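This is what each chain is made of:
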Amino acid sequence: MNYFNIVACLILLGFQAAIVLAEFNYGEALDKTFMFLEAQRSGKLPFDQCVKWRGDSGLKDGALQGVDLVGGYYDAGDHVKFGLPMAFSVTMLAWGTIEYRKEITNLNQMGHTLWAIRWGTDYFIKAHTQPNVLWGQVGDGDSDHYCWERAEDMTTPRTAYKLDEAHPGSDLAGETASALAAAAIAFKPYNSSYSELLLVHAKQLFSFADKFRGLYDDSIQCAKQFYTSSGYSDELLWAATWLFRATGEEHYLKYVVDNAVYMGGTGWAVKEFSWDNKYAGVQILLSKVLMEQKGGAYISTLKQYQAKADYFACACLQKNDGYNVHLTPGGLMYVHEWNNLQYASAASFLLAVYSDYLSAANAKLTCPDGQIQPHEVLNFAKSQADYILGKNPKSMSYLVGYGPKYPTHVHHRGASIASISVLPSMVSCVQGFEAWYRSPGADPNVIYGALVGGPDQNDGFNDDRSSYEQTEPTLSGSAPLVGLFAKLESLSGNKGPYHKRPTTEQPSQNYHHQTSVPSTKSPGVPPVRFLHSITNTWNVGKTTYYRHKVVIKNTSEKPITDLKLVLEDLSGNLWGLSPTPVKNTYELPPWLKVLNPGSDCSFVYIQEGPQAKVSVLSYQ
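Residues numbered from 1 in each chain as written. Predicted model: local features only at pLDDT ≥ 70, side-chain atom pairs only at ≥ 80, totals over all residues. Heavy atoms only, no water.

Overview of the state of the cysteines
Under the counting rule described, the total for this entry stands at two disulfides. The disulfide partner of Cys147 is Cys429, and the gap between their sulfur atoms is 1.6 Å. On the sign convention where negative means left-handed, the S-S torsion of about 65° between Cys147 and Cys429 marks this disulfide as right-handed. Highlighted residues: Cys147 in the loop between helix H5 (141-145) and strand E3 (160-163) and Cys429 in helix H16 (residues 429-437), separated in sequence by 282 residues. By the burial criterion, Cys147 is buried, and Cys429 matches it. Put simply, Cys314 and Cys367 are joined by a disulfide, and their sulfur atoms are 2.0 Å apart. Taking the torsion about the sulfur-sulfur bond, which here is approximately -90°, the covalent link between Cys314 and Cys367 counts as left-handed. Taken as a pair, Cys314 in helix H12 (residues 299-316) and Cys367 in strand E4 (residues 365-367) lie far apart in primary sequence, 53 residues in all. Overall, the relative accessible area of 1% leaves Cys314 in the buried class. (Disulfide = S-S within 2.5 Å. Helix = DSSP H or I, 4+ residues; strand = E, 2+ residues; numbered from the N terminus. Buried < 20%, exposed > 50% of the residue type's maximum accessible area, 1.4 Å probe, protein only.)

As for empty space enclosed by the protein
Volume-wise, the second largest cavity comes out at about 60 Å³. Together, Ala39, Gln40, Arg54, Tyr74, Ala76, Asp78, His79, Ala151, His412 and Gly414 line the second largest cavity. The residue inventory of the lining of the second largest cavity, partitioned by class, reads four nonpolar, four polar and two charged. (1 Å grid on protein atoms, 1.4 Å probe; cavity = no way out; pocket = protein on both sides within 12 Å on 5 of 7 lines; lining within 4 Å. Points joined across faces, edges and corners; volume = space filled by probe spheres on them. Nonpolar A, V, L, I, M, F, W, Y, C, P; charged D, E, K, R; others polar.)

Concerning the pairing of strand E9 (residues 564-568)
Side chains on a regular strand alternate between the two faces of the sheet. In terms of strand pairing, E9 meets strand E12 (residues 585-587) through three bridges, oriented antiparallel. Note that in E12 the partner of Leu565 across the bridge is Tyr586. Where E9 lies against strand E15 (residues 613-618), five bridges are found, and the strand directions are antiparallel. In the sheet register, Val566 faces E15, and the bridge partner there is Ser615. (Pairing = 2+ DSSP bridges.)

Thoughts on the packing of helix H2 (residues 83-99) against helix H6 (residues 170-187)
Between H2 and H6, the least distance of the axes is 8 Å, while the angle of their chain directions is 25°. Considered as vectors, H2 and H6 are oriented roughly parallel to each other. Classified by chirality, the crossing of H6 by H2 is left-handed. Each of Gly83, Leu84, Ala87, Phe88, Val90, Thr91, Ala94, Thr97 and Ile98 in H2 lies in contact with H6, whose residues at this interface are Asp171, Leu172, Glu175, Thr176, Ser178, Ala179, Ala182, Ala183, Ile185 and Ala186. Counted by class, the contact of H2 with H6 contains 12 nonpolar, five polar and two charged residues. (Axes fitted to C-alpha atoms, helices over the stretch in contact; angles between N-to-C directions. Parallel < 35°, antiparallel > 145°, perpendicular 65-115°, else oblique. Left-handed = near helix turned anticlockwise from the far one by under 90°. Contact = heavy atoms within 4.5 Å.)

Focus on the packing of aromatic side chains
Here the structure, examined in full by the defined rule, presents 23 aromatic pairs. Taken together, a centroid distance of 5.9 Å and an interplanar angle of 65° make the contact between Trp95 and Trp238 edge-to-face. Taken together, the positions of Trp95 in helix H2 and Trp238 in helix H9 (residues 233-247) put the pair 143 residues apart, joining distant regions of the chain. In this structure Trp95 comes out as buried when scored by relative accessible area, which is 0%. For Trp238, a relative accessible area of 0% corresponds to the buried category. Here a set of aromatic residues connected by ring pairs shows up, and it is made of Phe88, Trp95, Trp238, Trp242, Phe273 and Phe349. Over the ring of Tyr194 we find Arg118; its NZ or CZ atom is 3.4 Å from the centre of that ring. (Phe/Tyr/Trp six-rings, centres within 6.5 Å; stacked < 30°, edge-to-face > 60°. Lys NZ or Arg CZ within 6 Å of the ring centre and 35° of its normal.)

Function cannot be read off these values alone, since they describe shape.
In structure tokens, the structure reads:
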């Protein structure tokens, strides 16, 4: 379902003096990153899908367990929907949107960004079937990895696995709560009703994670081999921090203060930020609270959090008295042998954000080896982005499809096998390995925007599908790049936000992408604004109902008459509008013929789940 009226496949893509003019087009890199996110979609693809070599897949996910789990994202080069890295990826997409809303909007990419977030959050809402139940995975890595086949041809088991009170998973439930809370902030200016719905689920999931504690991979044991959790304390602090930022409710801040020592928030000094380790993210988010003087009675504990945030940043910048993040000879952060670039991308985004926080507070980073200006922190983040895009000993872009030289043998099933639109006959498990995985030829489908695992600790790289540590892309590696590239593009000096996608991905018509994604869709710019809110919720059995209120405001300087609205996805009763003979079309009630400038009226409806889509059909 197209929630945002996104039909674009031709993308319209205070300066800090210390940032030099760009060697790279970060706007183009951002645009291609969105294409990778599209390539990872599971479920029924929308009509405006730009990555045309993909088709519908996983349409029966959850059916054996009696639950609808269609949608979400595939994790990497395989077809398992792993909940923990998927939720972290959505949190990163949302965080980038929150911090760099202006930059993303100026690049005409807000629609794509919110669409990418919602592809995940809609899935999480469906997976959260009861307050203390979360479906955390679909498919299992062992059986999936025995096959090399397209998502559209999947023959491997699509078993779904859940968390509940008897089988807890505080890390996974906590990360999903974080994703939904961060997404609620990102959506609030555009779709306030959906934002409220996300917060309802985020609060319930945090309560579930906190009350019923345990490691998710003890409950979903087939995840242990692939995404082993090192603990859940960081995710509980992370979720509470995001809920504080989303709600402003002090008890969430009190939670991270009261549990600072017990859960390691002020004890763990880390040199990694990733799908598994959120401590640095918590520490930097809470440093913002401190620097904005919103800490109240908790200042002393927040200062301890900031000390650990500084440790992380100083270690990345090699200013931490020898306790630093390892750098390759070419200058890349090297954290892990497997898919190292996902750790570099996450850390770089975090450093860019921290640089902004420090700059806004007119503060410096104090390291054991000296004080660091905020722009130096940002310059280091830029150096990592530049390494990814080609400023490295191999002169290779590790973002597929960007620049003249990039990996062409990506460890990705869909990219390495001819598209189902070209080769409609089924490709079996064995056939996939024999005919495609072992093929010496380049991928038949360029998976634009995929951030591969990247080089080894000596900057060496082997462009081979079997070298999965180096050539497999991941969702969690790409998600932080959205905010990072948007930030760098805004400082780059490049002219104009227009970037064209590869011609092989263009549809037959060109469309302009909406800069923002309000809940309206109509030709031109209608002189009305819709303000959505949820004013009440209640349960009938296992079903939750919501009372939605929509305020219609005349934002023009002229009276509006004969206003006709279209309401899509309306399943409940409606009050305050008059139906017309045309299906799904309504008009203002008889006693309200004219909506004067600056005035407003409202209507309400009751139904399950997300709000109806409201658009203007016509007006005088």
